[in-house]
Amino acid sequence: MRILIAEDDPVLADGLTRSLRQADYAVDCAYDGEQADHMLSAQHYDLLILDLGLPKLEGFEVLRRLRRRGGTVPVLILSARDALADRVRGLDLGGDDYLTKPFDLPELEARVRSLIRRGQSGGASVLNHGPLTLDMAGRRAMLAGEPLELSARELGVLEVLMLRSGRVVNKEQLAEQLYGWEGEVGSNAIEVYVHRLRKKLETAGVVIRTIRGLGYLLEKDA
Ligand code: CA
């Protein structure tokens, strides 16, 4: 999955790039609107994260040109402007979602996942794993058709494990999803969430395996 970040604040752009790369996305950065416009014309992206206040060519104009060319890449608008008129204009011009700065990294990442999935599946934002279903947009999970009681953080851990099912996810990746890059990495807390999830899922045969020294792996019992 390839993401273009159009953001002129280098600290924010680099922070976003780092965390999205850790989540296994291929990330390019454009630091002004002209560069973004050029890259969007030349390359295929699965998502554009677009700041509105960009030098040379403002974000609205980048978006307008993109859609006029027929570009269908999902666009997450990121802006310090929270005026209703800006939101409306951004969405009218063909933006798919709008996030106001400052934002929490886990929220941005959840929206990124949701937009990319929507772009790929034409609307669905539901993950399935055996008897387990997780609605990323609605923030709820079902187990064998029954609602599963989960805290927000348990749900966050489960979402990461499901998005990467069959692959090992380490504690640092989980902590980052839950706290963002500035948050504390609570390794013990992660163990607690995984332990609780395990208890809730084990009766349905959904197994979260501990890979010693590496992390966790979601696997379905045959
Ligand atoms: Ca800016």
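What you see as residue numbers is a count from 1 along each chain, following the sequence as written. This being a predicted model, a pLDDT of at least 70 is required before a residue's local features are given, and a value of 80 or more before pairs of side-chain atoms are given or counted; all residues contribute to the totals for chains, interfaces and linings. With hydrogens and water set aside, each side-chain value is computed from the structure's full complement of heavy atoms.

J.: Would you take a moment to explain the overall build of the chain for this structure?
T.: In DSSP terms, a helix is any run of H or I states spanning at least four residues, a strand is any run of E spanning at least two, and both are numbered starting from the N terminus. Across its full length, the chain holds eight helices and twelve strands. The C-alpha radius of gyration of the chain comes to 19 Å, within 12% of the 17 Å expected for a compact globule of 222 residues. Its C-alpha atoms put the chain at 55 × 35 × 30 Å along the principal axes. The rule is simple: take the accessible area with a 1.4 Å probe, protein chains only, and divide by the maximum for that residue type; under 20% is buried, over 50% is exposed, in between is partly exposed. For the chain, the residues scored as buried account for 46% of the 222 residues in total. Any two residues having at least one pair of non-hydrogen atoms within 4.5 Å are treated as being in contact. Counting only contacts in the chain whose residues sit at least 6 apart along the sequence, the fraction spanning at least 24 positions is 55%. Here, Shrake-Rupley sampling with a 1.4 Å probe gives the accessible areas, and only protein chains in the shown set may cover a residue. As displayed, the chain offers around 11000 Å² of accessible surface, 48% of which is attributable to carbon and sulfur atoms. When charges are counted, neither His nor the chain ends are considered; positive counts come from Lys and Arg and negative counts from Asp and Glu. For the purpose of locating charges, the reference atoms are NZ of Lys, CZ of Arg, CG of Asp and CD of Glu. Computed over 30 positive and 34 negative side-chain charges, the separation of the two mean positions in the chain equals 4 Å. To get the radius of gyration, use the C-alpha atoms; to get the globule rule, take the number of residues to the power 0.38 and multiply by 2.2 Å.

J.: Please clarify how the coordination of the calcium ion should be interpreted in this entry.
T.: Each donor-metal-donor angle would ideally measure 109.5 degrees in four-coordinate tetrahedral geometry, or 90 or 180 degrees in six-coordinate octahedral geometry. Any nitrogen, oxygen or sulfur atom within 2.8 Å of a metal ion counts as a donor, with the limit raised to 3.2 Å for Na, K and Ca, and since water is left out, coordination shells can look unfinished. Coordination of the calcium ion by the protein involves Asp-8 (OD), Asp-51 (OD) and Gly-53 (O), with metal-donor separations of 2.2 to 2.4 Å. Look at where the donors of the calcium ion fall in the sequence and you get D-x42-D-x1-G. Taken together, the residues span a long stretch of sequence, with Asp-8 in the loop between strand S1 (2-6) and helix H1 (10-22) and Gly-53 in the loop between strand S3 (47-51) and helix H3 (59-68) at a distance of 45 residues. The class of Gly-53 is partly exposed, set by a relative accessible area of 40%.

J.: What's the story with the sheet that holds strand S2 (residues 26-30) in this structure? I'm lost.
T.: Either a parallel or an antiparallel arrangement is found when strands of a sheet pair, and the pairing is made through backbone hydrogen bonds. Strands qualify as paired when DSSP identifies two bridges or more between them. Sheet architecture is open: five strands sit in the order S2-S1-S3-S4-S5, paired in parallel fashion. Two strands close off the open sheet at either side, each with one partner strand: S2 and strand S5 (97-100). The mean inter-strand angle of the sheet, taken between neighbouring strand axes irrespective of direction, is 20 degrees. Of the strand pairs in this sheet, S1 and S3 are connected by four bridges, and their pairing is parallel. Its bridge partner being in S3, Ile-3 is matched across the sheet by Leu-47. Fitted lines through C-alpha atoms serve as axes, helices being fitted only where they are in contact, and the angles separating the N-to-C directions of these axes extend from 0 to 180 degrees. Here H3 sits on the sheet in contact with S3 and strand S4 (75-79), set at roughly 150 degrees to S3.

J.: Can you help me understand helix H6 (residues 152-163) in this one?
T.: Since one α-helical turn is 3.6 residues long, residues separated by three or four positions face the same way. In this analysis, the expected span of each helix is defined as 1.5 Å times one less than the number of residues it contains. Taking 1.5 Å per residue as the helical rise, H6 with its twelve residues ought to reach 16 Å, and the 16 Å between its terminal C-alpha atoms agrees with that figure. Counting buried positions along H6 gives nine out of twelve residues, so the element sits mostly inside the fold. Along H6, the residues that are buried comprise Glu-154, Leu-155, Gly-156, Val-157, Leu-158, Glu-159, Val-160, Leu-161 and Met-162.

J.: Whenever I open this one, the domain arrangement of the chain confuses me. Can you help?
T.: You'll often see interface size given as the accessible area lost when the parts meet. Residue ranges assigned to each domain were obtained from an automatic or database domain assignment. In terms of domains, the chain is made up of domain 1 (2-121) and domain 2 (126-218). For domain 1 and domain 2, the distance between their C-alpha centroids amounts to 27 Å.

J.: Looking at this structure, I do not really get the pattern of salt bridges. What am I missing?
T.: Side chains that differ in sign of charge can pair as their charged atoms come close. The salt bridge definition used is simple: a Lys or Arg side-chain nitrogen within 4 Å of an Asp or Glu carboxyl oxygen. Inspection of the entire model under this criterion finds 17 salt bridges. A salt bridge links Lys-200 to Glu-154, with the shortest nitrogen-to-oxygen separation between them at 2.8 Å. Of this pair, Lys-200 sits in helix H8 (residues 187-202) while Glu-154 is found in helix H6, placing the two residues 46 residues apart along the sequence. Classification of Lys-200 as partly exposed rests on a relative accessible area of 30%.

J.: How do you make sense of the pairing of S3 when you look at a structure like this?
T.: Within a regular strand, side chains alternate between the sheet's two faces. Among the five residues that make up S3, five are buried, leaving the element largely enclosed by the rest of the structure. The two faces of S3 match: Leu-47, Ile-49 and Asp-51 on one face and Leu-48 and Leu-50 on the other face are all buried. By the bridge criterion, four bridges tie S3 to S4 in an arrangement that is parallel. Among the inter-strand pairings, Leu-50 is bridged to a residue of S4, identified as Ile-77. Call a crossover right-handed when, viewed with both strands pointing away from you, the route from the first strand across the helix to the second goes clockwise. Tracing the backbone out of S3, into H3 and back to the parallel element S4 gives a crossover that is right-handed.

J.: Can you help me understand the pairing of strand S8 (residues 140-143) in this one?
T.: Residues of S8 alternate between two faces, with Ala-141 and Leu-143 buried on one and Arg-140 and Met-142 left unburied on the opposite face. As paired elements, strand S7 (residues 132-135) and S8 share four bridges and run antiparallel to each other. Paired with Asp-135 across the two strands is Arg-140, which belongs to S8. Taken together, the three bridges between S8 and strand S9 (residues 146-148) define a ladder with antiparallel strand orientation. Directly across from Met-142, in S9, lies its bridge partner Pro-147.

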